[in-house]
Protein chains: 2
Amino acid sequence: MPRRDELLGIAAGLFAEKGFKNTTVRDIAEASGILSGSLYHHFDSKESMVDEILSSFQEQLFADYDAVLKSDADARTKIEQAVRLSFRAIHEHRYEVAIFQNEADYLGGFDRFAYLAERNAQSRDVWITLLTEGVKSGALRADLDIELTYRFIRDTVWVAVRWYRPGGSLSHEDVADQYLRILLDGISTSSITEGGTRA
Amino acid sequence: MPRRDELLGIAAGLFAEKGFKNTTVRDIAEASGILSGSLYHHFDSKESMVDEILSSFQEQLFADYDAVLKSDADARTKIEQAVRLSFRAIHEHRYEVAIFQNEADYLGGFDRFAYLAERNAQSRDVWITLLTEGVKSGALRADLDIELTYRFIRDTVWVAVRWYRPGGSLSHEDVADQYLRILLDGISTSSITEGGTRA
DNA sequence: GTCTATACGAAGATAGAC
DNA sequence: GTCTATCTTCGTATAGAC
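As named in an unreviewed UniProt entry, chain A is AcrR family transcriptional regulator, taken from Nocardioides ginsengisegetis.

J.: How would you sum up the pattern of salt bridges? Please name residues and give values.
T.: Counted by the stated rule, this structure contains 30 salt bridges over all chains. Here Arg181(A) and Asp143(B) are joined by a salt bridge, their closest N and O atoms 2.9 Å apart. One end of the pair, Arg181(A), is in helix α9 (residues 172–185); the other, Asp143(B), is in the loop between α7 (114–136) and α8 (146–158), on a second chain. Counted as one network, the salt bridges with shared partners bring together Arg76(A), Glu80(A), Arg84(A) and Asp177(A).

J.: An account of the environment of Ala104(B) is needed here, citing residue identities and associated values.
T.: Assignment of secondary structure puts Ala104(B) in helix α6 (residues 94–107). Those residues in contact with Ala104(B), other than ones at most four positions away along the chain, are Ile99(B) and Leu116(B).

J.: Tell me about the layout of surface pockets, residues and numbers included.
T.: The computed volume of the second largest pocket comes to approximately 590 Å³. Forming the boundary of the second largest pocket are 26 residues, of which Phe100(A), Asp105(A), Asn120(A), Arg154(A) and Arg162(B) lie nearest the centre. Of all the secondary structure elements, the ones that give two or more residues to the lining of the second largest pocket are α4 (46–70), α6 (94–107), α7 (114–136) and α8 (146–158) of chain A. Residue contributions to the lining of the second largest pocket peak at seven residues, all from α7(A). Among the residues forming the lining of the second largest pocket, the class breakdown is 14 nonpolar, five polar and seven charged.

J.: Explain the environment of Ile53(B) to me, and be specific about the residues and the numbers.
T.: Residue and element names in this part refer to chain B. You can see Ile53 is positioned in helix α4 (residues 46–70). Assessed through its relative accessible area of 6%, Ile53 is described here as buried. Considered as a pair, Ile53 and Leu85 are 32 residues apart in the sequence and their alpha carbons are 19 Å apart.

J.: Would you mind going over the confidence of the model for chain A in detail, with residue names and values included?
T.: Residues with a pLDDT of 70 or more make up 95% of chain A, whose mean pLDDT is 94. Within the model, pLDDT remains below 50 along residues 192–199 of chain A, and this stretch shows 14 contacts once partners closer than five positions in the same chain are excluded.

J.: Could you give an account of the packing of α4(B) against α6(B), naming the residues involved and the relevant values?
T.: All names here are of chain B. Close contact between α4 and α6 brings their axes to 11 Å; oriented N to C, the two are set at 115°. In this view, α4 runs roughly perpendicular relative to α6, as classed from their interaxial angle. Considering only the axes of α4 and α6, their crossing is left-handed. Residue-level inspection shows Val50, Ile53, Leu54, Phe57 and Gln58 of α4 in contact with α6, the latter providing Glu96, Val97, Ile99, Phe100 and Leu107. Residue classes in the contact of α4 with α6 are distributed as eight nonpolar, one polar and one charged.

J.: Give me the side chain of Asn22(A): which residues, what numbers.
T.: The residue Asn22(A) is located in the loop between α1 (3–18) and α2 (25–32) in this model. A distance of 2.8 Å separates the side chain of Asn22(A) from the backbone oxygen of Lys18(A), its partner in a polar contact. Look past the residues within four positions of Asn22(A) in its chain and what remains in contact with it is Asp27(A), Lys21(B) and Tyr106(B).

J.: Please provide a residue-by-residue account of the protein's contact with DNA strand D, values included.
T.: The full set close to DNA strand D counts 15 residues, and Val25(A), Arg26(A), Lys46(A), Leu35(B) and Ser38(B) are the nearest of them. Of everything in DNA strand D that lies within 4 Å of the protein, sugar and phosphate atoms constitute 62%. Residue Lys46(A) places a side-chain N or O atom 2.8 Å away from a phosphate oxygen belonging to DNA strand D. His42(B) has a polar side-chain atom sitting 2.9 Å from a phosphate oxygen of DNA strand D. Along the lines of polarity and charge, the residues of the surface near DNA strand D split into four nonpolar, seven polar and four charged.

What counts, and at which threshold
Residues numbered from 1 in each chain as written. Chains lettered and ligands numbered in written order. Predicted model: local features only at pLDDT ≥ 70, side-chain atom pairs only at ≥ 80, totals over all residues. Heavy atoms only, no water. Salt bridge = Lys/Arg side-chain N within 4 Å of Asp/Glu carboxyl O. Helix = DSSP H or I, 4+ residues; strand = E, 2+ residues; numbered from the N terminus. Contact = heavy atoms within 4.5 Å. 1 Å grid on protein atoms, 1.4 Å probe; cavity = no way out; pocket = protein on both sides within 12 Å on 5 of 7 lines; lining within 4 Å. Points joined across faces, edges and corners; volume = space filled by probe spheres on them. Nonpolar A, V, L, I, M, F, W, Y, C, P; charged D, E, K, R; others polar. Buried < 20%, exposed > 50% of the residue type's maximum accessible area, 1.4 Å probe, protein only. pLDDT = per-residue confidence, 0-100. Axes fitted to C-alpha atoms, helices over the stretch in contact; angles between N-to-C directions. Parallel < 35°, antiparallel > 145°, perpendicular 65-115°, else oblique. Left-handed = near helix turned anticlockwise from the far one by under 90°. Polar contact = N/O pair within 3.5 Å; in protein donor to acceptor, adjacent residues only side chain to side chain. Near = heavy atom within 4 Å.

Encoded structure:
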């Protein structure tokens with residue numbers, strides 16, 4: 001692995017654990033076994049490091065979403081796929097996901113990170129499309145508040161990065177299964193609706 | 001309102017919006033219309049400010065949880081009450097909730113904020129108890145992974161502080177209703193279980 | 001590619017006048 | 001209760017030697 005990538009990986013771990021602002025350039029250098037000045041041989045600034053970490057991750061993630069969106073599976077399958085790929089992303093890129101979750105609000109305020117907001121909007125489009133399809137096709141309840149459901153799914157999925165650990169008792173596939181089960185069917189044995197389709 | 005509380009409120013807003021570390025003592029002073037040195041007449045440090053904000057909020061919140069836990073309602077009702085009071089807390093104390101959500105991990109590392117971890121454990125106890133009761137009483141599916149379900153609920157509820165705004169199109173009661181509906185019944189019109197109780 | 005040395009600014013905090 | 005002035009430490013970043 002090129003030195004540059006190695007350093008980025010170390011930085012990502014620290015940013016994810018302690019936060020961007022709470023991680024000093026000296027911390028990153030020390031964790032890498034070099035001195036802070038030496039980092040500037042590889043990067044122009046601490047900001048450039050997060051930038052590279054986040055942008056390369058996002059690019060990959062959205063390529064995956066696009067593939068799901070464009071597939072010809074039915075609405076419900078697409079939703080399941082989108083959820084599963086999100087948990088896979090948490091598994092494979094947990095530092096990147098954590099940094100995005102924790103810092104996007106703050107970083108998004110700078111011009112340089114305007115793409116974060118764009119990606120967010122893009123992700124919303126994907127989900128709103130999938131959910132709308134789902135309701136139209138009859139796979140999802142017709143009385144759903146699509147916007148709220150989108151937020152619910154988005155939050156539910158990504159927030160798992162706070163506790164998910166690769167190598168724990170549940171694999172990312174297991175977690176995705178359980179989450180989907182709750183999301184699709186709920187935790188209750190009986191419905192609270194009056195006049196729902198199931199009761 | 002005593003000056004002290006007024007200043008705490010202003011600080012809370014800034015901490016919630018920009019993060020603890022990203023908010024400078026000078027920011028707080030400026031937003032309060034005074035100079036940074038003057039803040040130290042009221043507080044010994046920036047840390048003391050978050051400390052006071054978080055600890056007083058937590059005390060109140062846990063009193064509410066305890067009341068639910070000790071009530072003699074059935075398991076399902078208690079779960080609903082616990083969810084509703086959480087959304088009410090988001091409504092009434094959104095800065096405090098946001099700060100806790102964003103900074104607990106980092107702050108929890110300091111001795112002074114050890115109580116945050118204790119409160120977290122306490123909250124877990126409440127939910128595990130409620131969910132276990134729920135399964136035992138037959139109100140919740142017997143095949144639930146209690147630990148995972150706890151995390152799911154905790155995350156789902158509190159993360160709403162990221163987008164909920166008082167005065168928006170949905171009241172906190174509306175949001176709680178919709179969340180409970182999804183949590184309890186899911187978003188689907190038909191079950192994905194094979195051998196579930198409903199299918 | 002890393003080190004030494006250091007500049008520069010920002011941030012938390014203090015002392016004493018008003 | 002706030003201001004003026006200031007100290008100190010820390011963090012980002014740079015320059016040039018090795």
